[in-house]
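Results of the structural survey
Chain residues, written in single-letter form:
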Amino acid sequence: MSVPMLKIGAVLSTMAMVTNWMSQTLPSLVGLNGTIISSEGTHERIVSGLYPGSEEGWQVYSTASDPDGRCVCTVVAPARNLCKRDPRSRQLRLLTEQVQNVSQSMEVVDLRTSRDLQYVRDSEPLLRGVDGRLHTYVANPRTLTAKGLQELKGQMSQLRPLLSVVEQYRLDLQTLATLRMELLNLSIILTAIQEEIGAYDYEELQQRVLLLETRLHSCMNKLGCGRLTAVSNPITVRASGSRFGSWMTDAMIPSSDSRVWSMDGYYKGRRVLEYRTMGDFTKGQNFVQHLLPHPWAGTGHVVYNGSLYYNKHQSNILVQYHFRSRSVLLQRSLSGAGYNNTFPYSWGGSSDIDLMADETGLWAVYTSIPNAGNIMVSRLDPRSLEILQSWDTGFPKRSAGEAFMICGTLYVTNSHLAGAKVHFAYHTNSSTYEYTDIPFHNQYSHISMMDYNPRERALYTWNNGHQVLYNITLFHVIQSDG
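Residue positions are counted from 1 within each chain, in the order its sequence is given. Side-chain atom pairs in this predicted model are given and counted only at pLDDT of 80 or more, local residue features only at pLDDT of at least 70, and totals for whole chains, interfaces and linings cover all residues. The basis for the side-chain values is all heavy atoms of the structure; hydrogens and waters are excluded.

1. Brief notes about the overall build of the protein chain
Of the regular secondary structure elements, the protein chain holds seven helices and 24 strands. Here the protein chain, with 482 residues, has 51% of them falling under the buried criterion. In this description, contact between two residues means that some pair of their heavy atoms is separated by no more than 4.5 Å. Within the protein chain, residue pairs in contact and separated by at least 24 positions form 58% of the contacts whose partners lie at least 6 positions apart. A total accessible area of about 22100 Å² is found for the protein chain, and carbon and sulfur atoms account for 52% of it. In this text, helices come from DSSP runs of H or I with a minimum length of four residues, and strands from runs of E with a minimum of two, each type numbered from the N-terminal end. Here the term buried applies to any residue with accessible area under 20% of the maximum for its type, exposed to any over 50%, and partly exposed to those in between, with areas from a 1.4 Å probe on protein chains only. In short, Shrake-Rupley with a 1.4 Å probe defines the accessible areas, and a residue's cover is counted only from the protein chains shown.

2. Details of the nonpolar core
Membership of the largest hydrophobic core comes to 19 residues, with the highest contact counts inside it found for Leu 228, Phe 404, Ile 406, Phe 440 and Leu 459. For this core, the elements supplying multiple residues, two or more each, are β4 (223-231), β18 (403-406), β20 (421-427), β22 (447-453) and β24 (466-478). Among the elements that take part in this core, β24 stands out by supplying four residues, more than any other. Once residues within four sequence positions are removed from consideration, Phe 440 is found in contact with Val 231, Thr 413, Ala 420, Lys 421, Val 422, Ile 447, Met 450 and Tyr 470. Nine residue types can take part in a nonpolar core, namely buried Ala, Val, Leu, Ile, Met, Phe, Trp, Tyr and Cys, and a core is a set of them joined through side-chain atoms within 4.5 Å.

3. Topic: the side chain of Thr 413
Among the structural elements, Thr 413 can be located in strand β19 (residues 409-413). With relative accessibility at 1%, the residue Thr 413 sits in the buried group. Polar side-chain contacts of Thr 413 include one of 2.8 Å to the backbone nitrogen of Glu 402. Within the structure, Thr 413 has its side chain in polar contact with the backbone oxygen of Ser 415 (distance 3.3 Å). Under this definition, polar contacts are N or O atom pairs within 3.5 Å; protein pairs additionally need one hydrogen-donor-capable and one acceptor-capable atom, and for neighbouring residues in sequence, both atoms have to be side-chain atoms.

4. Quick look at unusual backbone geometry
Of note in this structure, Gln 314 is not a glycine but carries a positive phi near 55°. Assignment of secondary structure puts Gln 314 in the loop between β11 (307-311) and β12 (317-322). Residue Gln 314 is classed as partly exposed on the basis of its relative accessible area of 48%. A positive phi angle, close to 65°, is found at Leu 385, a residue other than glycine. With respect to the helices and strands, Leu 385 occurs in the loop between β16 (374-380) and β17 (387-396).

5. Considering the environment of Gln 289
Relative to the elements of secondary structure, Gln 289 occurs in strand β9 (residues 287-297). Residues within four places of Gln 289 in sequence aside, it is in contact with Arg 271, Val 272, Leu 273 and Arg 326. Within the structure, the side chain of Gln 289 is placed 3.3 Å from the side chain of Arg 271, a separation counted as a polar contact.

6. Focus: the pairing of β17
Both β16 and β17 contribute to a ladder of six bridges, which runs antiparallel. Paired with Val 377 across the strands is Trp 391, a residue of β17. The antiparallel pairing of β16 with β17 creates a hairpin that spans six residues between the two strands, and Leu 385 there sits at a positive phi of about 65°. In this analysis, strands are considered paired if DSSP registers two or more bridges between them.

7. Examining the sheet that holds β9
Note on sheets: strands pair through backbone hydrogen bonds, and any given pair is parallel or antiparallel. The four strands are arranged β6-β7-β8-β9 in an open sheet whose pairing can be described as antiparallel. Looking along the sheet, the strands with just one partner apiece sit at the ends: β6 (245-249) and β9. Looking at each pair of strands side by side, their axes are set apart by 20° on average, direction ignored. Of the strand pairs in this sheet, strand β7 (residues 260-264) and strand β8 (residues 267-275) are connected by three bridges, and their pairing is antiparallel. Within β8, the position partnered with Trp 261 by the bridge is Glu 274. Fitted lines through C-alpha atoms serve as axes, helices being fitted only where they are in contact, and the angles separating the N-to-C directions of these axes extend from 0 to 180 degrees.

8. A word on the pattern of salt bridges
Think of a salt bridge as a Lys or Arg side-chain nitrogen and an Asp or Glu carboxyl oxygen that are within 4 Å of each other. Under the definition given, this model contains seven salt bridges. Arg 259 is the salt-bridge partner of Glu 274, the closest N and O atoms lying 3.3 Å from each other. Here Arg 259 lies in the loop between β6 and β7 and Glu 274 lies in strand β8, a separation of 15 residues in the sequence. Like Arg 259, Glu 274 is buried. For the salt bridge of Asp 280 with Arg 276, the shortest nitrogen-to-oxygen distance reads 3.1 Å. Through salt bridges with shared partners, one network takes in Asp 257, Arg 259 and Glu 274.

Shown next as structure tokens:
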């Protein structure tokens with residue numbers, strides 16, 4: 001009895017120490033004493049934060065969630081005492097913001113542990129009762145009756161969940177120790193950069209930043225995939241184009257590509273606009289045009305690792321168009337897939353084939369006559385467009401408003417109109433499904449494209465001529481090297 005409680009106490013003590021270190025030491029080390037934590041329901045106030053203006057905006061990170069599933073966002077104002085136009089200063093601030101983001105994730109682990117500790121404390125009377133019974137039966141075996149044995153088995157069954165709680169404590173301790181060392185090393189390096197920011201030429205500082213970004217990415221990878229629990233209020237980025245269309249950024253992880261692409265319409269379109277940055281997209285400036293050799297169908301396009309993947313008009317052929325070389329690298333038929341409004345989403349628009357990407361790779365969502373119109377999910381090889389594996393979700397595609405993939409799970413909305421919600425989820429890792437009830441505000445009442453981008457962990461939508469973003473809340477699993 002005392003040994004498990006001592007172990008749990010050690011875990012809690014370590015977590016408290018790490019949290020205290022994060023909250024007091026880290027902000028002063030990396031210059032984040034001015035950090036502001038946004039409250040729930042303030043998404044619409046931070047549009048300028050997601051997309052900086054001509055001067056300089058704010059940056060928002062929202063990759064963590066607390067144990068109750070609420071979004072944890074950090075809004076960091078630009079440092080006014082540094083030169084706003086110095087690219088080294090901007091990169092430094094991005095690094096410090098990412099360090100703070102990892103710190104929040106560690107705090108989430110601490111909050112979860114505190115909640116689980118209460119569960120252990122509540123189970124202590126039951127543990128004492130079992131311990132007393134066992135001592136009695138050992139001292140006098142004749143007192144053990146069939147009824148008593150049955151009651152003892154029932155009590156033991158009630159205690160079984162404690163095993164997973166204690167095991168989670170052990171894994172969290174290992175993860176926190178590793179993350180703490182990473183953050184400490186990063187903080188030391190960031191402090192040195194802050195002190196010496198004027199002592200290095202730009203090329204040398206850029207190499208240091210790239211090294212830090214690599215280490216930060218490794219640290220952020222410890223935040224594993226999670227399950228969707230909430231969708232934020234909409235953030236309208238721009239109003240442009242017709243009622244139907246799609247827009248996107250590169251979904252490849254990792255990637256430093258900041259370009260934004262826009263494709264207006266769903267029928268026989270060929271013109272793709274490429275903007276240099278998100279800021280340029282919001283202003284409609286600094287763009288180039290790509291004229292595709294083959295027209296597209298629908299709005300289910302995706303940019304992955306510098307290439308556009310789309311459905312060729314009036315066919316089930318998938319096309320890979322490479323932006324840098326302005327050429328088609330590959331064409332392949334998606335065998336058996338319906339096309340030309342045979343099995344579209346509820347809004348129509350030749351949305352038979354929907355290509356998308358998540359943390360695990362490239363996907364195709366479609367259906368066929370043998371599947372009786374139910375949604376098929378296939379994972380694709382981006383180099384050959386061959387199907388690696390397929391799943392039949394059993395959900396009728398014509399009843400779906402839109403769909404998107406997050407961490408290998410397909411999420412389906414029940415409508416493209418007002419009142420829509422995420423209604424269905426299919427988990428490819430277990431080949432199981434569940435019905436969900438995750439509402440979101442369909443502000444302009446007609447969504448013709450909804451895709452998840454794993455780099456920003458946000459949903460991109462085209463809503464009645466408006467380009468709209470949604471932040472999401474995931475329950476994260478903290479991964480351990482052990």
